[in-house]
Amino acid sequence: FDFGRRSEPPLLLIVDRRFDSLTPLLTQWTYQAMVHELIGITNNVVKTRVDGQRQEIVLSPKQDHFYSENMFNNYADLTENVTALGNVLKSKTPRRDDIRDFKDMREFLHSYPELAELSGSVEKHLTVIQQMSDIITERQLLLVSEVEQELATKSNHGDAVQVVERVLANRGVQARDCLRVVMLYALRYGR
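### Remarks on the packing of aromatic side chains
Thinking step 1. Applying the stated criterion across every chain yields a total of three aromatic pairs.
Thinking step 2. Seen from their ring centres, Tyr 31 and Tyr 67 are 5.4 Å apart, and the 70° between their planes marks the pair as edge-to-face. With Tyr 31 in helix H1 (residues 31–39) and Tyr 67 in helix H2 (residues 65–70), this residue pair connects regions lying 36 residues apart in the sequence. Assigned by exposure class, Tyr 31 and Tyr 67 land together as buried.
Thinking step 3. Aromatic side chains Tyr 185 and Tyr 189 sit 5.4 Å apart centroid to centroid with 35° between the ring planes, which places their arrangement in the tilted category.

Structure follows, in structure tokens:
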């Protein structure tokens, strides 16, 4: 691992997972965890593909207020918050009809740096969220996550067998996700 240079030494935590071996296998639905698991992030840089072009996006809680405020939010709250941020941008961006004279133009130019920053933030997070959404759809992670939750929380062995078989029979679910489901089943019902 290359964590870069730091002013303070790293801290290593050793945690005994024998008490909870299921949680690390569950699909994570917080912004930060999803970026790490679905897209990948190195030194706060996410490499995405937009319209066939590779793009590097910086997601740093120290430099990005939206990311800092939403990095631990679940996916549903995250999409609501980015939509709200887009609506704020839309409400602050003047339409051509709103600029009628030099005074209106001066006010627009005065607010332009704030609008440009807000626009960049909205575009950046929409790009990341769209890529995550595409991966969620492609890998059928909503179905996989539902099955993971059933395996982790319910104790009916017959139902568990049926939901695992449903995932394994689904050709759209990737092998790595099938493996996670099988491992959850084995941990929960194996002897």
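The structure having been displayed, the exposition proceeds.
### What to know about a nonpolar patch on the surface
Thinking step 1. Where nonpolar side chains cluster on the molecular surface, the patch consists of Leu 11, Leu 13 and Val 15 and spans about 370 Å² of accessible area.
Thinking step 2. Relative accessible area serves as the criterion here: at 55%, Val 15 is assigned to the exposed category.

### Some details on the pattern of salt bridges
Thinking step 1. All told, the structure shown has five salt bridges when counted by the stated rule.
Thinking step 2. Notably, a salt bridge pairs Arg 180 with Glu 148, separated by 2.7 Å at the nearest N-O pair. You can see Arg 180 sitting in helix H7 (residues 175–189) and its partner Glu 148 sitting in helix H5 (residues 141–153), a full 32 residues away along the chain. Comparing Arg 180 with Glu 148, the two get one shared label, buried.

### Considerations on the nonpolar core
Thinking step 1. Tyr 31, Val 35, Leu 38, Leu 59, Val 128, Met 132 and Leu 151 are the most contacted members of the largest nonpolar core, which has 42 residues in total.
Thinking step 2. Counting residues per element, the ones that place at least two in this core are H1, H2, helix H3 (75–92), helix H4 (102–139), H5, helix H6 (157–169) and H7.
Thinking step 3. Looking at which element gives the most residues to this core, the answer is H4, with seven residues.
Thinking step 4. The residues contacting Met 132, other than those within four sequence positions of it, are Tyr 31, Met 34, Val 35, Leu 38, Ile 39, Tyr 75 and Leu 78.

### As for the packing of H5 against H7
Thinking step 1. With their axes 9 Å apart at the nearest point, H5 and H7 run at an angle of 5° to one another. The angle between the axes of H5 and H7 places the two elements in the roughly parallel class. Along its contact with H5, which presents Leu 141, Val 144, Val 147, Glu 148, Leu 151, Ala 152 and Thr 153, the element H7 presents Asp 177, Arg 180, Val 181, Leu 184, Tyr 185, Arg 188 and Tyr 189.
Thinking step 2. The residue makeup of the contact of H5 with H7, split by class, is nine nonpolar, one polar and four charged.

### Quick look at the side chain of Thr 127
Thinking step 1. Checked against the element boundaries, Thr 127 lands in helix H4.
Thinking step 2. In this structure Thr 127 comes out as buried when scored by relative accessible area, which is 14%.
Thinking step 3. Of note is the side chain of Thr 127, whose polar atom sits 2.8 Å from the backbone oxygen of Glu 123.
Thinking step 4. Not counting chain neighbours up to four residues away, the residues in contact with Thr 127 comprise Thr 48, Val 50, Gln 55 and Ile 57.

### Thoughts on H3
Thinking step 1. When the terminal C-alpha atoms of H3 are compared, their 26 Å separation across 18 residues agrees well with the 26 Å that a helix rising 1.5 Å per residue should span.
Thinking step 2. Of the residues making up H3, those classed as buried are Tyr 75, Leu 78, Val 82, Leu 85 and Leu 89. Taken around the axis of H3, the buried residues stretch over an arc of 85°, which confines them to a single face. Seen from the buried face of H3, the exposed residues on the opposite side, beyond 90 degrees, are Glu 80, Lys 90 and Ser 91.
Thinking step 3. Measuring from the side-chain oxygen of the N-cap residue of H3 to the backbone nitrogen of Ala 76 gives 3.1 Å; that N-cap residue is Asn 74.

What counts as what
- Once a new chain begins, its residue numbering starts again from 1 and follows that chain's sequence as written.
- Where totals are concerned, whole chains, interfaces and linings use all residues; where local detail is concerned, this predicted model gives features only for residues with pLDDT of at least 70, and gives and counts side-chain atom pairs only at 80 or more.
- The basis for the side-chain values is all heavy atoms of the structure; hydrogens and waters are excluded.
- Note on aromatic contacts: the rings of Phe and Tyr and the six-membered ring of Trp form a pair at centre separations within 6.5 Å, being stacked when their planes are under 30 degrees apart, edge-to-face when over 60 apart, and tilted otherwise.
- Counting from the N terminus, the helices are the DSSP runs of H or I reaching at least four residues and the strands are the DSSP runs of E reaching at least two.
- Only protein chains enter the accessibility calculation, which uses a 1.4 Å probe; a residue whose area is less than 20% of its type maximum is buried, one above 50% is exposed, and one in between is partly exposed.
- Residues enter patches when they are more than 30% accessible in relative terms and free of salt bridges; like-charged ones are connected within 9 Å and nonpolar ones (Val, Leu, Ile, Met, Phe, Trp, Tyr) within 5 Å.
- For the accessible areas, the method is Shrake-Rupley and the probe is 1.4 Å, while residue cover comes only from the protein chains on display.
- One side-chain nitrogen of Lys or Arg within 4 Å of one carboxyl oxygen of Asp or Glu is enough to make a salt bridge.
- Put simply, a nonpolar core is a bunch of buried Ala, Val, Leu, Ile, Met, Phe, Trp, Tyr and Cys residues held in one set by side-chain atoms that sit within 4.5 Å of each other.
- Here a residue-residue contact requires only that any non-hydrogen atoms of the pair lie within 4.5 Å.
- A fitted line through C-alpha atoms represents every axis, and for helices the fit uses only the stretch in contact; the resulting angles, taken between N-to-C directions, go from 0 to 180 degrees.
- These descriptions rest on fixed angle ranges, namely under 35 degrees for roughly parallel, over 145 for roughly antiparallel, 65 to 115 for roughly perpendicular, and the rest for oblique.
- For this classification, Asp, Glu, Lys and Arg are treated as charged, while Ala, Val, Leu, Ile, Met, Phe, Trp, Tyr, Cys and Pro are nonpolar and the rest, including Gly, are polar.
- We define a polar contact as two N or O atoms separated by no more than 3.5 Å, with the added condition that, inside protein, one atom must be a possible hydrogen donor and the other a possible acceptor, whereas residues neighbouring each other in sequence contribute only through side-chain atom pairs.
- To estimate how far a helix should reach, multiply one less than its number of residues by 1.5 Å.
- The arc in question is the one traced by the directions running from the helix axis out to the C-beta atoms.

Read these as layout, nothing more, since geometry by itself doesn't imply function.
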